[in-house]
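Now for the letters of each chain:
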Amino acid sequence: MKRSDFVFSVGFQGVSAIVDKTAKRKYGSLSTKELAEKGLYRSAFCSALYSGDEKEIETVMEIYNSRSKTGKQTAENMKRLLGVFNVPDNITKVINI
C-alpha cells in the first residue's frame, strides 16, 4: 500500500482500501506537518504512522494539542480518537471513490 493510499483511506473492506481520491489529489503532496497544519489530523496521523517516525507522530500530536480544546492527547488516545492503529499489511487492492 502506498503512503498516499493509506493517508487518504476512509475505510477498508477485506483486502481493499477505500480511498478518497479528491483529497488524495488535492493534498497528496503535503508532508505530515503540512497536513496537520491544515487541520487534516487523521491524514497527518496516518502519514506519521506510515513513516514509522516517532518524531512525526509527536509533531502531529503537538499541533493537535495546541489547537484542541479536549486536553492533551497521547499517541494511544490519538489512535482511538482517529480510528487508526497501524498500516494494514493485507491490503492488495485500492478502490478510489
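Presented here is an overview of the structure given in this document. Everything numeric in this text was worked out from a predicted model, so none of it was measured.

1. Structural notes on the side chain of Asp5
You can see Asp5 is positioned in helix H1 (residues 3-7). Note on Asp5: relative accessible area 4%, which makes it buried. With residues up to four places along the chain from it excluded, the contact list for Asp5 reads Val19, Lys24 and Val94.

2. A short note on the packing of aromatic side chains
Per the stated rule, a full pass over the model turns up two aromatic pairs. When the ring of Tyr41 is compared with that of Tyr64, the centres are 5.1 Å apart and the planes differ by 90°; the resulting orientation is edge-to-face. Pair noted here: Tyr41 is in helix H4 (residues 41-51) and Tyr64 is in helix H5 (residues 54-67), with a separation of 23 residues, a long-range link.

3. Thoughts on the sheet that holds strand E2 (residues 16-19)
Strand order in this open sheet of three strands is E1-E2-E3, and the pairing throughout is mixed. Of all the strands in the sheet, the pair left with one neighbour each is strand E1 (9-13) and strand E3 (93-96). Neighbour-to-neighbour, the strand axes of this sheet turn through a mean angle of 25°, independent of strand direction. Two strands pair when backbone bridges link them, and E2 and E3 are joined in this way by four bridges, in the parallel orientation. Across the sheet, residue Ser16 finds its bridge partner in E3, namely Lys93.

Criteria and thresholds
Residues numbered from 1 in each chain as written. Predicted model: local features only at pLDDT ≥ 70, side-chain atom pairs only at ≥ 80, totals over all residues. Heavy atoms only, no water. Helix = DSSP H or I, 4+ residues; strand = E, 2+ residues; numbered from the N terminus. Buried < 20%, exposed > 50% of the residue type's maximum accessible area, 1.4 Å probe, protein only. Contact = heavy atoms within 4.5 Å. Phe/Tyr/Trp six-rings, centres within 6.5 Å; stacked < 30°, edge-to-face > 60°. Pairing = 2+ DSSP bridges. Axes fitted to C-alpha atoms, helices over the stretch in contact; angles between N-to-C directions.

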